[in-house]
Amino acid sequence: MNSLKEHAKYIDLYPADVTLGILASKYEYVSHTLNCKKIPTIGSVCRKSNTISPADDLKIKKLIFHRNGRVSIKTDKNLYFQFLNL
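Residues numbered from 1 in each chain as written. Predicted model: local features only at pLDDT ≥ 70, side-chain atom pairs only at ≥ 80, totals over all residues. Heavy atoms only, no water.

Asks: Describe the overall build of the protein chain, and please don't skip the residues or the numbers.
Replies: Of regular secondary structure, the protein chain possesses two helices and five strands. Starting at the N terminus and ending at the C terminus, the protein chain contains elements arranged as α-α-β-β-β-β-β. The C-alpha radius of gyration of the protein chain comes to 12 Å, within 12% of the 12 Å expected for a compact globule of 86 residues. Based on the C-alpha atoms only, the size of the protein chain along its principal axes is roughly 35 × 25 × 20 Å. Look at the contacts in the protein chain between residues 6 or more apart in sequence, and 47% of them connect residues 24 or more apart. For the protein chain, the distance from the average site of its 14 positive side-chain charges to the average site of its 7 negative ones is 10 Å. (Helix = DSSP H or I, 4+ residues; strand = E, 2+ residues; numbered from the N terminus. Rg over C-alpha atoms; globule rule 2.2 N^0.38 Å. Contact = heavy atoms within 4.5 Å. Lys, Arg positive; Asp, Glu negative; His and termini not counted. Charge placed at Lys NZ, Arg CZ, Asp CG, Glu CD.)

Asks: Provide a residue-level description of the environment of Lys48, including the pertinent values.
Replies: Structurally, the position occupied by Lys48 is in strand 2 (residues 45-48). Linking Lys48 and Ile11, residues 37 residues apart in sequence, is a C-alpha distance of 23 Å. When near neighbours in sequence (up to four residues on either side) are disregarded, Lys48 contacts Glu28, Tyr29 and Val30.

Asks: A description of the side chain of Ser72 should follow, citing residues and the corresponding values.
Replies: Its place among the elements puts Ser72 in strand 4 (residues 71-75). Ser72 sits in the buried class, given a relative accessible area of 0%. Among the polar contacts listed, one links the side chain of Ser72 to the side chain of Gln82, at a separation of 3.1 Å. When near neighbours in sequence (up to four residues on either side) are disregarded, Ser72 contacts Ile39, Lys62, Leu63, Ile64, His66, Phe81 and Gln82. (Buried < 20%, exposed > 50% of the residue type's maximum accessible area, 1.4 Å probe, protein only. Polar contact = N/O pair within 3.5 Å; in protein donor to acceptor, adjacent residues only side chain to side chain.)

Structure (structure tokens):
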């Protein structure tokens, strides 16, 4: 987790596919709401994190670290995705 927090300090230097690759290697699942406009909660759509592939123009603005060990990302288009282990 510490290496991920270090990565978050310099998030603007890394392309989205590098950050998503790191998250996919640490977390088994990714969750999102139907419109992706708010942080996912219990009951949100969930799928395997190794199935994601970012759009070419996707930029990650922020990593949000939760107390329960989950990590959410906020994109430049204000979309939210949450990485978790069940």
